[in-house]
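Overview (structure and organization)
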Amino acid sequence: MTTRVLAAGDHFVLNRLLIDAVRERVPEELEFTELTLDWPIVPFGRVAEVDEASGTEDQLIEALAGAEICLTQMAPLTRRVIEASPKLRLIGIGRGGPVNANLEAAAEHGVAVCCAPGRNAGATAEHTLGMILAAARRIPQTHAELTAGRWRSDYYRYDEVGIELRGSTIGLIGGGAVGNRVAEMLAALGAHVLIHDPYLTESTVAKLVSLDDLLARSQVISLHARVTPETTGMIGAAQIAAMPAGGIIVNCARGALLDYDAVCDAIEGGHLFGAAFDVFPEEPIPAGSRLLSTPGVTLTPHLAGASRQTAVNAATILAEDVARHLRGEPLAHPA
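Residues numbered from 1 in each chain as written. Predicted model: local features only at pLDDT ≥ 70, side-chain atom pairs only at ≥ 80, totals over all residues. Heavy atoms only, no water.

1. Quick notes on the packing of helix 1 (residues 15-25) against helix 11 (residues 308-327)
Running from amino to carboxyl end, helix 1 crosses helix 11 at an angle of 40°, the nearest separation of the two axes being 8 Å. When the axes of helix 1 and helix 11 are compared, the pair comes out oblique. Considering only the axes of helix 1 and helix 11, their crossing is right-handed. For the pair formed by helix 1 and helix 11, the contact residues are Leu17, Leu18, Ala21, Val22 and Arg25 on the first element and Ala311, Val312, Ala315, Thr316, Leu318, Ala319, Glu320, Val322 and Ala323 on the second. The class makeup of the residues in the contact of helix 1 with helix 11 is 11 nonpolar, one polar and two charged. (Axes fitted to C-alpha atoms, helices over the stretch in contact; angles between N-to-C directions. Helix = DSSP H or I, 4+ residues; strand = E, 2+ residues; numbered from the N terminus. Parallel < 35°, antiparallel > 145°, perpendicular 65-115°, else oblique. Left-handed = near helix turned anticlockwise from the far one by under 90°. Contact = heavy atoms within 4.5 Å. Nonpolar A, V, L, I, M, F, W, Y, C, P; charged D, E, K, R; others polar.)

2. Let's talk about the packing of aromatic side chains
Taken as a whole and judged by the stated rule, the model has four aromatic pairs. On the basis of an interplanar angle of 25° and a centroid distance of 6.4 Å, the ring pair of Trp39 and Phe44 is categorised as stacked. Ring geometry for Tyr260 and Phe277: centres 4.7 Å apart, planes at 70°, overall edge-to-face. Taken together, the residues Tyr260 in helix 10 (residues 260-268) and Phe277 in strand 13 (residues 272-277) connect sequence positions 17 residues apart. With respect to class, Tyr260 is no different from Phe277; both count as buried. (Phe/Tyr/Trp six-rings, centres within 6.5 Å; stacked < 30°, edge-to-face > 60°. Buried < 20%, exposed > 50% of the residue type's maximum accessible area, 1.4 Å probe, protein only.)

Don't take any of this as a statement about function, it's just geometry.
As structure tokens, then:
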């Protein structure tokens, strides 16, 4: 009997990527149906009890009729959707965390769930390096001055120029998949890399230190931690004040880790040289946010993980678990 698979992709993780990846790894005949969700053209949001979802429950219920496998990145796999899909046996979420799936409901109905951890580690690490360089060398600000018709040679003043990464001490808070790749790139550029991560016992490219030591020694600090009750707001005014004068803060992890007002205060007061952020406490950024007007702040709209390789990686990781599921083997990335 042919297994029916719903590819519920979007405009980033495309249906053709999901389907091609599965067909490359599964020899038996599969019947694919497709649903294209509106993300990122239309922002994701909360749908019923799940977060960061695209599309509606009714839309997905209709598309899942008769399907045993659902592969998606953003579809709302709510309790209602799962209960209305009695043949469903596997949900593949092409992102690091399955926040758009009701795991409790899936377990109750015998539906396995897998995800794609590490799919965007390379993209996020490279974007982080770009943000460090952008903040350290004022690349966005000087570009804006030139396009406005101003040749600002005064940026060559000693107090206005930034640092080179070679020989600088850079502290990473979090040494997981992304943090470790950032550490490798920085070490290759000749930086002295420190990592604070209470769950990490060794590193071949960085020195493991306490948070206090990292703050006191690092000219640049980059955040790579997960948001937990312990890490929420972990970098605030006191921690920024403990940094050397002229420091830089970069955050491509999660907005909840950092007090952004404290960063703006420190830049305006002259203690920090600059900052670069891809994530924010409220997204999109509110029109009146200080981040939009504080000099020396570089911003990107939560797209550090957005590369073509990330989309392909998501499809590949899910396809490998589809193959395991159909062979009756344990999933490699169960959620």
